[in-house]
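Examination of the molecular architecture
Read off the chains here:
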Amino acid sequence: MVKPKTEEEIELLRQNAIIVSKTLAEVGKAVAPGVTTKELNRVAETFIRDNGAIPSFLGFEGFPAAICASVNDVVVHGFPSDYVLKEGDIVTADIGTLYKGYNGDSAYTFPVGEVDAKTRMLLDVTKASLYKGIEAAVAGNRTGDIGYAVQQYVESFGFSVVRDLEGHGIGKEMHENPGVPNFGHRGRGTHLVDGMTICIEPMINAGGRGVYLDRNGWAVHTSDHSKSAHYELTVVVRKGKAEQLSTFDYIEKDGKINF
Ligand code: MG
Ligand code: MG
């Protein structure tokens, strides 16, 4: 049984979620051909600290940077580096904050300049699958209902769900129970109750679902080196409709990137 959060705790999680959401937008403004992923990290870390928060990923289990910057076939946990983004790449920024003792955690995959049609579809489908998952994150459902919603949607487009990684509860710890897989069966898994705070984060491959761990012990790559997309939002389970804490509204207008 996972304990729901109090409204006071949810308010602190909301404050984190807003900082993370705005940080993602700052990173998005900086994404362009010719920019290094290290520069994206610098932009994010500066913004987080300027807002009085701590970049929670930095030093987490030894992670060396403020953000994960995962390019093309990297699913998650890419190290920001001297790699220079080029037209047609995609880059996922996954960002965490610690503020007033609570955590924020959200991710967005940005296209670099113009991307090909299949890549565009991968981004659109992955993001839409996140919203399908959020629709299922209501009191009375189970975590399997979220996974089922994501998986059914994604696989109908011929893309595949990474099964080795999953979403999670969030609170004083960045990763709390329950685990929130992006695949599964309706009516299975942890019961969702009003006030539970979770991060839903589909990681979706254009090719097969296989992944492997980089020699650096962190970056997760697709086995077939197809591109992978990842969108993450923090929500509160509520009766009838989940409440979003983080948002892509600072990035997008009418579903299109705003800058
Ligand atoms: Mg994350
Ligand atoms: Mg997460």
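Throughout what follows, the structure given in this document is the object of discussion. Fair warning: this is a prediction, and the values are worked out from it, not measured in the lab.

Rules behind the numbers
Residues numbered from 1 in each chain as written. Chains lettered and ligands numbered in written order. Predicted model: local features only at pLDDT ≥ 70, side-chain atom pairs only at ≥ 80, totals over all residues. Heavy atoms only, no water. Core = buried A, V, L, I, M, F, W, Y, C linked by side-chain atoms within 4.5 Å. Buried < 20%, exposed > 50% of the residue type's maximum accessible area, 1.4 Å probe, protein only. Helix = DSSP H or I, 4+ residues; strand = E, 2+ residues; numbered from the N terminus. Contact = heavy atoms within 4.5 Å. Donors = N, O, S within 2.8 Å, 3.2 Å for Na, K, Ca; no water. 1 Å grid on protein atoms, 1.4 Å probe; cavity = no way out; pocket = protein on both sides within 12 Å on 5 of 7 lines; lining within 4 Å. Points joined across faces, edges and corners; volume = space filled by probe spheres on them. Nonpolar A, V, L, I, M, F, W, Y, C, P; charged D, E, K, R; others polar.

1. Section: the nonpolar core
Grouped together as the largest cluster of nonpolar side chains are 56 residues, with contacts concentrated most on L40, V91, I95, I198 and I200. No other element matches helix α1 (residues 7–30), which puts 6 residues into this core. For I198, the contacting residues outside a window of four places in its chain are A137, I146, H168, G169, I170, P178, V180, L233, T234, V235 and V237. With 8 residues, the next largest nonpolar core counts I10, A17, I170 and V236 among its residues.

2. Here's the deal with the coordination of the magnesium ion (ligand 1)
Bound to the magnesium ion (ligand 1) are the protein donor atoms D94 (OD), D94 (OD), D105 (OD) and E232 (OE), situated 2.0 to 2.6 Å from the metal. Between consecutive donors of the magnesium ion (ligand 1), the numbers of intervening residues give the motif D-x10-D-x126-E. The metal-metal distance between the magnesium ion (ligand 1) and the magnesium ion (ligand 2) is 3.2 Å, with D105 coordinating both. Separated by 138 residues along the polypeptide, D94 in strand β4 (residues 90–99) and E232 in the loop between β13 (228–230) and β14 (233–236) bring together distant segments of the chain.

3. A look at the layout of surface pockets
Roughly 420 Å³ of internal volume is contained in the largest pocket. For the largest pocket, the lining is made up of 23 residues, of which F60, H77, L165, H175 and E201 are closest to its centre. The set of elements that each furnish at least two residues to the lining of the largest pocket consists of β7 (167–169) and β8 (176–180). Its residues assigned to classes, the lining of the largest pocket shows 9 nonpolar, 6 polar and 8 charged. Lining the second largest pocket are 16 residues, with P111, G113, R120, K256 and I257 positioned closest to its centre.

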